[in-house]
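Each chain, letter by letter, is given below.
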Amino acid sequence: MKEIMAIVRINMMNQTKKALAEAGISSITARDALGRGKGLVDLTLLEGAEKGYEEAVAQLGQTQRLVPKRVFFVVVPDRLVQKTVNTIIKVNRSGKSGDGKIFVMPVRDAVRVRTGESGDQVLDEV
């Protein structure tokens with residue numbers, strides 16, 4: 001089994017949850033996050049500057065601020081990893097900087113607290 005950690009735009013979380021549920025991946029854990037990639041321009045400041053907001057223009061030359069994001073975690077059996085990753089990409093790819101990142105990590109085991117079951121049987125099944 002694998003843990004998939006994805007960092008996406010905050011406004012894409014509902015569409016991502018819906019797409020994952022439709023793909024049979026209903027179990028998800030999400031958190032708010034702040035971060036930035038390697039880009040040097042805060043996109044919200046750039047948009048504000050393009051609209052003529054003086055505050056945004058004044059801040060463009062300053063150090064990049066952290067951008068609000070959503071980070072979520074999904075643990076799936078090995079056979080559902082590619083389907084899960086493809087679903088996340090399909091929903092979140094805009095072709096613009098800041099679309100997000102996906103990390104896939106091994107998980108040794110999973111245990112359902114209520115029953116004590118372990119292994120793939122405690123994970124989503126399609």
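Residues numbered from 1 in each chain as written. Predicted model: local features only at pLDDT ≥ 70, side-chain atom pairs only at ≥ 80, totals over all residues. Heavy atoms only, no water.

Caption draft 1: Summary view of the overall build of the protein. Counting secondary structure elements, the protein contains four helices and four strands. Starting at the N terminus, the α and β elements of the protein follow one another as β-α-β-α-α-β-α-β. The buried share of the protein, reckoned over its 126 residues, is 30%. When the accessible surface of the protein is totalled, it reaches about 8,500 Å², and 53% of it is carbon and sulfur. (Helix = DSSP H or I, 4+ residues; strand = E, 2+ residues; numbered from the N terminus. Buried < 20%, exposed > 50% of the residue type's maximum accessible area, 1.4 Å probe, protein only. Areas by Shrake-Rupley, 256 points an atom, 1.4 Å probe, with all protein chains shown as cover.)

Caption draft 2: The pairing of strand E3 (residues 67-76), seen in detail. Relative to E3, strand E1 (residues 2-9) runs antiparallel, the two sharing eight bridges. Among the inter-strand pairings, Met5 is bridged to a residue of E3, identified as Phe73. Pairing of strand E2 (residues 29-35) with E3, which is carried by seven bridges, proceeds in the antiparallel orientation. Paired with Gly35 across the bridge in E3 is Val67. (Pairing = 2+ DSSP bridges.)

Caption draft 3: Structural detail: the nonpolar core. Ile4, Leu20, Ile25, Phe72, Val74, Val76 and Ile88 are the most contacted members of the largest nonpolar core, which totals 13 residues. Those elements that place two or more of their residues in this core are E1, helix H1 (13-22), E3 and helix H4 (81-92). In this view, Ile25 contacts Leu20, Val74, Val76, Leu80, Thr84 and Asp124; residues no more than four positions away in its chain are not counted. (Core = buried A, V, L, I, M, F, W, Y, C linked by side-chain atoms within 4.5 Å. Contact = heavy atoms within 4.5 Å.)

Caption draft 4: Representation of the packing of H1 against H4 within the structure. Closest axis-to-axis distance for the H1/H4 pair is 9 Å, and the angle between their directions is 145°. For the pair H1 and H4, the crossing hand works out as right-handed. Mapping the contact onto sequence places Gln15, Thr16, Ala19 and Leu20 in H1 and Thr84, Thr87, Ile88, Val91 and Asn92 in H4. Split by residue class, the contact of H1 with H4 holds four nonpolar, five polar and no charged. (Axes fitted to C-alpha atoms, helices over the stretch in contact; angles between N-to-C directions. Left-handed = near helix turned anticlockwise from the far one by under 90°. Nonpolar A, V, L, I, M, F, W, Y, C, P; charged D, E, K, R; others polar.)

Caption draft 5: Quick peek at the sheet that holds E3. Read across the open sheet, the four strands follow the order E2-E3-E1-E4; overall the sheet is antiparallel. The outermost strands of the open sheet, each flanked by one partner alone, are E2 and strand E4 (101-106). Across the sheet, the axes of successive neighbouring strands diverge by a mean angle of 25°, strand direction being ignored. Here H1 sits on the sheet and contacts E1, E2 and E3; the angle it forms with E3, its principal contact strand, is near 15°. Its contacts with the sheet place H4 against E1, E3 and E4, and it is angled at close to 0° to E1.

Caption draft 6: Summary view of the side chain of Thr84. Tracing the backbone shows Thr84 in helix H4. Note on Thr84: relative accessible area 0%, which makes it buried. For Thr84, the side chain forms a polar contact with the main-chain oxygen of Leu80, separated by 2.7 Å. Excluding anything up to four places from it in sequence, Thr84 contacts Ile4, Leu20, Ile25, Val74 and Val76. (Polar contact = N/O pair within 3.5 Å; in protein donor to acceptor, adjacent residues only side chain to side chain.)

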